[in-house]
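Residue-level structure breakdown
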Amino acid sequence: MPELPEVEVSRMGISPHLVGETIRSLTFRTPKLRWDIPVELKQLEGQVIRDIRRRAKYLIIETDAGCAIVHLGMSGSLRVLDAEFPPSKHDHVDLLLTNGKLLRYNDPRRFGAWLFSQDGEHVMLGHMGPEPLTDEFNAEYMLQKALNKRVAVKQFIMDNKVVVGVGNIYASESLFSAKVHPTRTAGSLTLAEWDSLVAEIKQVLTTSIKQGGTTLKDFAQADGKPGYFAQELQVYGKAGEPCPNCGEEIEALKIGQRNTFFCSYCQL
Ligand SMILES: [Zn+2]
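In this text the structure is predicted, and so the values were computed from the model without any measurement.

Of regular secondary structure, the protein possesses five helices and ten strands. For 268 residues, the compact-globule estimate of 2.2 N^0.38 gives 18 Å, and the protein sits close to it at 20 Å. Projected onto its principal axes, the C-alpha positions of the protein cover 60 × 35 × 30 Å. Counting every position in the protein, which comprises 268 residues, the buried fraction comes to 48%. Long-range pairs, those at least 24 residues apart, make up 66% of the contacts in the protein with a sequence separation of at least 6.

Before going further, it helps to examine the domain arrangement of the protein. Once the domains are mapped, the protein shows domain 1 (4-117) and domain 2 (139-262). Just the C-alpha atoms count here: the centres of domain 1 and domain 2 sit 29 Å apart. In this assembly, 22 residues from domain 1 lie in contact with 21 residues from domain 2. A buried area of about 1,700 Å², summed over both sides, lies between domain 1 and domain 2, and 70% of it is on carbon and sulfur atoms. Applying the counting rule to domain 1 against domain 2 returns zero salt bridges.

This part is about the coordination of the zinc ion. The zinc ion binds to the protein through Cys243 (SG), Cys246 (SG), Cys263 (SG) and Cys266 (SG); the donor distances cover 2.2 to 2.4 Å. Relative to the metal, the four donor atoms surrounding the zinc ion lie at angles of 101 to 114 degrees, and the coordination shape comes out tetrahedral. Ordering the donors of the zinc ion by residue number gives the pattern C-x2-C-x16-C-x2-C. As far as the burial class goes, Cys263 and Cys266 line up, both buried.

Definitions and cut-offs
- Residues numbered from 1 in each chain as written.
- Predicted model: local features only at pLDDT ≥ 70, side-chain atom pairs only at ≥ 80, totals over all residues.
- Heavy atoms only, no water.
- Helix = DSSP H or I, 4+ residues; strand = E, 2+ residues; numbered from the N terminus.
- Rg over C-alpha atoms; globule rule 2.2 N^0.38 Å.
- Buried < 20%, exposed > 50% of the residue type's maximum accessible area, 1.4 Å probe, protein only.
- Contact = heavy atoms within 4.5 Å.
- Domains from an automatic or database assignment.
- Buried area = accessible area lost by both parts, 1.4 Å probe.
- Salt bridge = Lys/Arg side-chain N within 4 Å of Asp/Glu carboxyl O.
- Donors = N, O, S within 2.8 Å, 3.2 Å for Na, K, Ca; no water.
- Tetrahedral: all angles 85-135°; square planar, octahedral: opposite > 155°, others 65-115°.

Next up, the structure:
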């Protein structure tokens, strides 16, 4: 599933080919992805793409007549191709440019979304916490936000209303690196612990975006689809294996229905 780093790398991959270009037409080969595809998106035809922004895992393609808000869902991907390149199965959306290129959206499981917004705002983007890679996401903010919260810290950092884009793998990995046990209540962490955890979350996401940066050329290639990058993992998916730090067995349990991996010797 594309996580925040994959979405950011998608934005970096497609932006140079799209920003400043004019949209000739939009073609939808399905009426519905996760939700119905709104007819208002046709208003983007003839418009210049001003910018492509990311908010959480949404990409916002901006024009003066409105925005397309794109979510990759479970299996979506974007590529920039020559206009003549024939569509194949699961190629659900084409955004054709006047320069002979097109942006093609492929999504086998159709859990993604193409939405319309006049001004770049959308109900799907409301009530979201800060972006993890901005200064707004810091230890003082988390300490305040977590005050008296009895929810497990792992669930807390995965809550989009607290901070966006900390997926399940990143949550386990950053808690391990910060030496914080995932079942601790969010309200029990000290400022120093939040400092460490916030730094590790930024680190794991930044590393993943950097790794994905090597795939930027794939966004404009007919062969090879942009993939989801395999992270070098320390604990995630490694139950029963030795902890890379102390050698004791890595344990697993479910927190809020999500698989969680940790070392109960290293994480307190
Ligand atoms: Zn350990």
